[in-house]
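Summary of the model geometry
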Amino acid sequence: KQTFPHLNQLTINEYNPGEGIGSHVDTVTAFDDGLLIITLNGGIVMEFRKAIDDGDESNMRKLVYLPPRSLAVLSRDARYKYEHMIVSRMTDTVNGEIIPRKLR
């Protein structure tokens, strides 16, 4: 069981269809381990890229679909070793299906 006793901040962002976010690791000094991402209205593909090159090419880049009303938890390696981003575009393709982006 993993708990996050030091969660003490909430940031709410609203993104219009087509808007993305640049590749980043959230500030280590401002946020402790355990970032929660809640996707409310529209689903989105989030890209994770390894921030630290450890020579293992097999896990350098991952695309993860976050469906509407989902929760993603970034902790440990996902929190500190991977940058995350959302590409600016109007649609995402998930399992061959084109999904228009909505307000999120």
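Whatever comes next refers back to the structure up there.
Summarised in this report is the structure supplied together with it. (Residues numbered from 1 in each chain as written. Predicted model: local features only at pLDDT ≥ 70, side-chain atom pairs only at ≥ 80, totals over all residues. Heavy atoms only, no water.)

**Let's talk about the sheet that holds strand β4 (residues 61-66)**
Stated precisely, the cut-off is as follows: Strands are treated as partners if at least two bridges between them are detected by DSSP. Secondary structure elements are defined from DSSP: runs of H or I of at least 4 residues count as helices, runs of E of at least 2 residues count as strands, and each element is numbered from the N terminus. Between N-to-C directions, angles cover 0 to 180 degrees, with each direction set by a line fitted to C-alpha atoms, over the stretch in contact for helices.
Taking strand neighbours across the sheet as the criterion, the 4 strands line up as β1-β6-β3-β4 in an open arrangement whose pairing is antiparallel. With partners counted over all chains shown, the strands left at the sheet margins are β1 (21-24) and β4, one partner each. Put simply, the sheet's adjacent strands are angled 20° from each other on average, direction ignored. Direction of pairing for β1 relative to strand β6 (residues 82-86): antiparallel, over a ladder of 2 bridges. If you follow isoleucine 21 over to β6, its bridge partner there is isoleucine 86.

**Quick word on the nonpolar core**
Burial of nonpolar side chains together is a common tendency in soluble globular proteins. Note the following rule: For our purposes a nonpolar core is just a set of buried Ala, Val, Leu, Ile, Met, Phe, Trp, Tyr and Cys residues, chained together by side-chain atoms within 4.5 Å. The cut-offs for exposure are 20% and 50% of the maximum accessible area for each residue type, with area from a 1.4 Å probe on protein chains only; residues under the lower value are buried, those over the upper are exposed, and the others partly exposed. Any two residues having at least one pair of non-hydrogen atoms within 4.5 Å are treated as being in contact.
Ile21, Leu35, Ile44, Met46, Phe48, Leu66, Ala72, Leu74, Tyr82 and Ile86 form the largest nonpolar core, which has 10 residues in total. Take this core: its biggest share by element is 3 residues, from strand β3 (residues 44-50). Those residues in contact with isoleucine 44 that sit more than four places away from it in its chain are Val64, Tyr65, Leu66, Ile86, Asp92, Arg101 and Arg104.

**Thoughts on unusual backbone geometry**
Not every positive phi belongs to a glycine, and arginine 76 is a case in point at roughly 50°. Note on placement: arginine 76 falls in the loop between β5 (70-74) and α1 (77-80).

Scope: geometric values only; no functional claims are made or implied.
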